[in-house]
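A look at the structure
The lines below spell out each chain.
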Amino acid sequence: MFKKIYVPLDNSDHSSTSAELAIALAKSFDSELVGCHAYAARMHDIRFRQMEFTLPSEYQVEEEMEKQRNIHDTLITMGLELISDSYLKVMKDRCETEKLPFEEKMMDGRNFKVLVDDINDSDYDLVIIGALGLGAVRDSVIGSVCERVIRRTKTDTLVIKNISPMEDQLRVNGNGEVKHELGNGGNIVVCVDGSPESFAGLRSAISLGKAVNKEVEAIAVYDPYLHYTMFNSIVGVLTEKASKVFKFKEQEQLHEDVIDTGLAKIYHSHLEVARKIAKEDDVDLKITLLDGKAFEKIIQYVRRERPWLLVIGRIGVHSDEEMDVGSNTENLLRLAPCNILLSSKRFVPAIDVQAEESMTWTEEATAVLNTAPDGVRGIARTTIHRWAMERGHSVITRKVIENSMASILPEKAMRAMGIIAEEVAIDKGNLLESLTYICRECGYAARDVEPVVCPICNGPAEGFQKIDKQAIENLTSLEGGIEEETTFDNLKLKWTSEAKQALLGVPSGYQRRRARAQIEKSVRVRKLPAITRELVLEVSGDLIEETKNLEERGRLKEESVSGTESALEQHVIEDGDFRWTAAAVARLNRVPEGFMRDQTKERITNCGKERSVDLITLEIAEEGIAESREVMAEAIRKNNEEESR
Amino acid sequence: MQPSNSKPQWNELEFVSWKEFMQMAPSIIQLEISRIGSVINAPATNLDIRNVLVRARFELREFQECLQLADGPPLGDPCVAHLRTSILSLSIRNQIRDKETTITLDYVFDRLISMLERIDLIFQAD
């Protein structure tokens, strides 16, 4: 739990007690200890210069003054280092005796500043610091260094207020030897308010309790009286008319009936969650719920019970995250007569553990959840809890389920899964399907209404690409006419010639079939009138790019299908006994793949053989294709004749 | 009233160190993101289903990003919530009629479920 413990040292009673507790904890947690003393040599230096004019006249001559300055500089630097060394040596020796790893740090600078920098730049799990330093007087409550360090760091900090010998402090509780005026032998009290800091504090308390053999208990305080005080204050200033509008009687009744009882239940549920967390560590946690002003009730409880350690979150459940220390914590830090652990770590209990204590499900909601498939029921339950908790719901109704699921599943699916009732689903089937907007960031598709923000990735409206049917129709006329093709489910889709040509950029076989399916899918989802070259490149552009240089075994390369005609003729591709120009390959690839292309390829190579050349140019390819066409036409004619007979 | 939420018993053999988890999880997530991506662009899915799958992929990417930023176990709930939402979105697979797509999504679903179950069993080795 605490692998590296940091102790600022100044040889005060509080710092010595801090060191003793750090050593005791290090023995349990196998921790590494770091002791640090900060001294302000520069401040002494400046002070000396300011006081130079008070020196006797014999020192106030140039040569003597310079000599005195040098002596003072040396004394201050060396002296402060020696003092620091002595302070650190006490803890170092104790660590050597206990065989604990110890690192000493000596720093020159404004003490709280260098400590804060060191804590923030290091990976300490715990800082143990004395509440008071050497400058403390009888009425001192909390020292400036301690307070400034606490305000400026976010590491768990244990503030030592009890300076009785550690063996007295760590005496086992429950043996009748509790020294009430000091809290020696007392237990550990954790303040729980539902904040992640307070739950993390509870976990630290449980670990500490096990390490030093102390019992742990939790308290929570809710304040039902604040509203009454406010009402009384408002009554005195409101006009009669405003009082009628405000309906004080009803408001007060509402508070009595709902809010006060509700607050008690909320804080009690925090305690129950705390009890479950403790149970996981085999600790039977005593819980106490108090009502009143939080810090006041805690102080009263601490004065009565005299714990050894009070654990509180650095900030409370209602604090902003940028807050340094919460108001209750600040008051307790000053007023509580015992050691205090300020918890900065955060721990959020499992959503379902929190929900079990603070939420109820209506019968109808439970029935709806039970309609979800087995595999996802638990996940759906947690998701609903989380959604409800973030919005402050404490009763899960059918409506809460519908709303929480609406952002994940479409209405049709929810209806099919029984999550929403037929009557609440809005039928959107008849919407005009002339426009589709696709989010460039995540791929979300919206029909007809241009989204202001993407509901999935929160991308802005400008991030949506508008797919306009009219624009596509205009484009198709420029792409060499339209061909209609039938899909696997008998739907007619229109392809422009250029689109079909672009698809040839994908290697034939499995990859091209897959690319074709993706393109068809895309045009159907977007309800586009035709497949254009742009669409093919949008859907399969990456694939074309990735595979254009790959050569399938036994097939010609698909590369170089674009470019100028002369360039295409110059680029040569090896294939068996023949070399092909890229233009010839591109021409061949426009023949439907499979039997027809294979036959055509054979005709072309025969043309090459007839010409006694091994280079197939576009001209030879065209010749072979023309021959193929004639052969096919002849075959079809003969076939028709046979059929007619 | 609370609906029941019976959790399977853990098996100590399934505990996994943070290091091992971080070696395994990112590759699995990346693979499943690719698989969902291929289904998004596959035929036989309508716009609603496409958008749910887009969400599943998006949440998985968010989870992937969270994982990259995490220092060690336990993974925070906001992070795991992305994985849960992704899995929940994949429950749409029951509404898809194309057998091949369903088989792919079933596979992705099972992989993500097994990862979710493992998350509670990650430990930080010294």
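You'll find the structure just up there.
Now for a look at the structure at hand.

What counts and what doesn't
Residues numbered from 1 in each chain as written. Chains lettered and ligands numbered in written order. Predicted model: local features only at pLDDT ≥ 70, side-chain atom pairs only at ≥ 80, totals over all residues. Heavy atoms only, no water. Helix = DSSP H or I, 4+ residues; strand = E, 2+ residues; numbered from the N terminus. Buried < 20%, exposed > 50% of the residue type's maximum accessible area, 1.4 Å probe, protein only. Areas by Shrake-Rupley, 256 points an atom, 1.4 Å probe, with all protein chains shown as cover. Contact = heavy atoms within 4.5 Å. Patch = residues over 30% accessible without salt bridge, like charges linked within 9 Å, V, L, I, M, F, W, Y side chains within 5 Å. Salt bridge = Lys/Arg side-chain N within 4 Å of Asp/Glu carboxyl O. Lys, Arg positive; Asp, Glu negative; His and termini not counted. Charge placed at Lys NZ, Arg CZ, Asp CG, Glu CD. Buried area = accessible area lost by both parts, 1.4 Å probe. Polar contact = N/O pair within 3.5 Å; in protein donor to acceptor, adjacent residues only side chain to side chain. Nonpolar A, V, L, I, M, F, W, Y, C, P; charged D, E, K, R; others polar. Pairing = 2+ DSSP bridges. Axes fitted to C-alpha atoms, helices over the stretch in contact; angles between N-to-C directions. Disulfide = S-S within 2.5 Å. Parallel < 35°, antiparallel > 145°, perpendicular 65-115°, else oblique. Left-handed = near helix turned anticlockwise from the far one by under 90°. Arc of directions from axis to C-beta.

A few points about the overall build of chain A
Tallying secondary structure elements over chain A gives 25 helices and 20 strands in all. Per-residue burial over chain A gives 46% buried out of 645 residues. Per element, the accessible surface of chain A, about 33900 Å² overall, is 50% carbon and sulfur.

A short note on the overall build of chain B
Within chain B, the regular secondary structure consists of 4 helices and 2 strands. Put simply, chain B runs from its N terminus to its C terminus through helices and strands in the order β-α-α-α-α-β. Counting the 126 residues in chain B, one finds 50% classified as buried. Counted over contacts in chain B with a minimum sequence separation of 6, partners at least 24 positions apart contribute 73%. Surface summary for chain B: the accessible area is close to 6500 Å², and the carbon and sulfur share equals 49%.

Structural notes on a positive patch on the surface
Together, A:Arg110, A:Lys113, A:Arg148 and A:Arg152 make up a positively charged patch on the protein surface. Counting through the fold element by element, A:Arg152 comes out in helix H5 (residues 144–152).

Digging into the interface of chain A and chain B
Each side of the interface is counted separately: chain A has 46 residues, and chain B has 37 residues. Among the residues chain A hides against chain B, the three largest losses belong to A:Ile379, A:Ile456 and A:Lys521. Together they make up 18% of the total. At the junction of chain A and chain B, the tally comes to 1 salt bridge. Across the chain A-chain B interface, the total number found is 3 residue pairs in polar contact (both at pLDDT 80 or more). Elements that contribute at least two residues to the side of chain A that touches chain B include exactly helix H13 (351–358), strand E11 (360–361), helix H14 (363–369), helix H15 (374–390), helix H17 (411–416), strand E14 (445–447) and helix H20 (510–525) of chain A. Of the residues forming the side of chain A that touches chain B, the biggest block, 10 residues, is contributed by H15(A). Partitioned by chemical class, the residues of the side of chain A that touches chain B number 26 nonpolar, 10 polar and 10 charged.

A look at the sheet that holds strand E20 (residues 615–616) of chain A
Residues and elements named next belong to chain A. Judged by pairing direction, the sheet is mixed, and its 3 strands sit side by side in the order E18-E19-E20 without closing on themselves. Unpaired on one side and paired on the other, strand E18 (572–575) and E20 mark the two borders of the sheet. Both E18 and strand E19 (residues 578–581) contribute to a ladder of 4 bridges, which runs antiparallel. Looking across to E19, one finds that isoleucine 573 is bridged to tryptophan 580. Across the sheet, helix H23 (residues 582–589) is in contact with E18, E19 and E20; its angle to E19 comes to roughly 85°.

Details of the sheet that holds strand E9 (residues 309–313) of chain A
Residues and elements named next belong to chain A. Pairing is mixed across the open sheet formed by 10 strands, whose spatial order is E3-E2-E1-E4-E5-E10-E9-E6-E7-E8. Strand pairing shows two members of the sheet lacking a second neighbour, strand E3 (102–108) and strand E8 (286–291), which therefore form its edges. On average, each strand axis in the sheet is inclined to that of its neighbour by 20°, with strand direction left out of account. Relative to strand E10 (residues 339–343), E9 runs parallel, the two sharing 5 bridges.

Observations concerning the state of the cysteines
Overall, the coordinates contain 0 disulfides over all chains when judged by the stated rule. With no disulfide partner, B:Cys79 has as its closest neighbouring cysteine sulfur the one in B:Cys66, 3.5 Å distant.

Considering the packing of helix H1 (residues 18–40) of chain B against helix H2 (residues 47–69) of chain B
Residues and elements named next belong to chain B. Two elements in contact, H1 and H2, have axes whose closest approach is 10 Å; the angle formed by their N-to-C orientations is 160°. By the angle between their axes, H1 is roughly antiparallel relative to H2. In this structure, the crossing between H1 and H2 has a hand that is left-handed. Together, Phe21, Met22, Ala25, Pro26, Ile29, Gln30, Glu32, Ile33, Ile36, Gly37, Val39 and Ile40 of H1 and Arg50, Leu53, Val54, Ala56, Arg57, Leu60, Arg61, Phe63, Gln64 and Leu67 of H2 make up the contact between the two elements. Grouping the amino acids of the contact of H1 with H2 by side-chain chemistry returns 15 nonpolar, 3 polar and 4 charged.

Section: the pairing of E18(A)
Side-chain alternation along E18(A) places A:Ile573 and A:Asp575 on a buried face and A:Val572 and A:Glu574 on a face that remains uncovered. Hairpin connection from E18(A) to E19(A): 2 residues lie between these consecutive antiparallel strands, with A:Gly576 at a positive phi of about 60°.

What to know about H5(A)
Since the α-helix advances by 3.6 residues per turn, residues separated by three or four positions end up pointing in the same direction. Residues and elements named next belong to chain A. Along H5, the residues that are buried comprise Cys146, Glu147, Val149 and Ile150. The buried residues of H5 occupy an angular sector of 165° when the element is viewed end-on, so they sit on one face. Buried residues along H5 sit in contact with helix H4 (111–121), strand E4 (126–130), strand E5 (157–160), helix H12 (327–335) and E10.

Let's talk about the packing of H1(B) against helix H4 (residues 99–119) of chain B
Residues and elements named next belong to chain B. Look at H1 against H4: their axes get within 10 Å of each other, and the N-to-C directions meet at 155°. With respect to H4, the axis of H1 lies roughly antiparallel. The two elements H1 and H4 meet at a crossing, and its hand is left-handed. Residues Phe21, Ala25, Ile28, Ile29, Leu31, Glu32, Arg35, Ile36 and Val39 of H1 form the contact with H4, whose own contacting residues are Thr101, Thr104, Leu105, Tyr107, Val108, Arg111, Leu112, Met115 and Ile119. The residue makeup of the contact of H1 with H4, split by class, is 13 nonpolar, 2 polar and 3 charged.

A word on the pairing of E19(A)
As defined by bridge partners, E19(A) adjoins E20(A) across 2 bridges and the pair is classed as parallel. Note that in E20(A) the partner of A:Trp580 across the bridge is A:Ile616.

Points about the environment of A:Cys146
Residues and elements named next belong to chain A. In this fold, cysteine 146 is placed in helix H5. The buried category is assigned to cysteine 146, whose relative accessible area is 3%. Considering only alpha carbons, one finds cysteine 146 and phenylalanine 112, 34 residues apart in sequence, at a separation of 7.9 Å. With near-sequence residues (within four places) excluded, cysteine 146 lies in contact with Ile129, Gly130, Ala131 and Val159.

Regarding the side chain of A:His37
Residues and elements named next belong to chain A. With respect to the helices and strands, the residue histidine 37 is situated in strand E2 (residues 32–39). Looking at histidine 37, the relative accessible area reads 9%, which means it is buried. Polar side-chain contacts of histidine 37 include one of 2.7 Å to the backbone oxygen of leucine 9. Leave out the neighbours within four places in its chain, and histidine 37 touches Leu9, Asp10, Ser84, Tyr87, Leu88, Lys105, Met106 and Met107.

Remarks on the pattern of salt bridges
Residue and element names in this part refer to chain A. Taken as a whole and assessed by the stated rule, the structure comprises 30 salt bridges over all chains. Salt-bridge contacts for glutamate 217 lead to lysine 286; the nearest nitrogen and oxygen are separated by 3.5 Å. One end of the pair, glutamate 217, is in strand E7 (residues 216–222); the other, lysine 286, is in strand E8, with 69 residues separating them in the sequence. Take glutamate 217: its relative accessible area is 3%, and that puts it in the buried class.

Topic: unusual backbone geometry
For the peptide bond that leads from B:Pro73 to B:Pro74, omega is -5°, which places it in the cis range. Structurally, B:Pro74 can be placed in the loop between H2 and helix H3 (77–90). Phi is positive for A:Asn11, close to 70°, though the residue is something other than glycine. Looking at the element boundaries, A:Asn11 is found in the loop between strand E1 (4–8) and helix H1 (13–29). Unusually for a residue other than glycine, A:Asp282 sits at a positive phi of about 60°. Within the element layout of this structure, A:Asp282 appears in the loop between helix H10 (248–280) and E8.

Read these as geometric descriptors, not functional statements.
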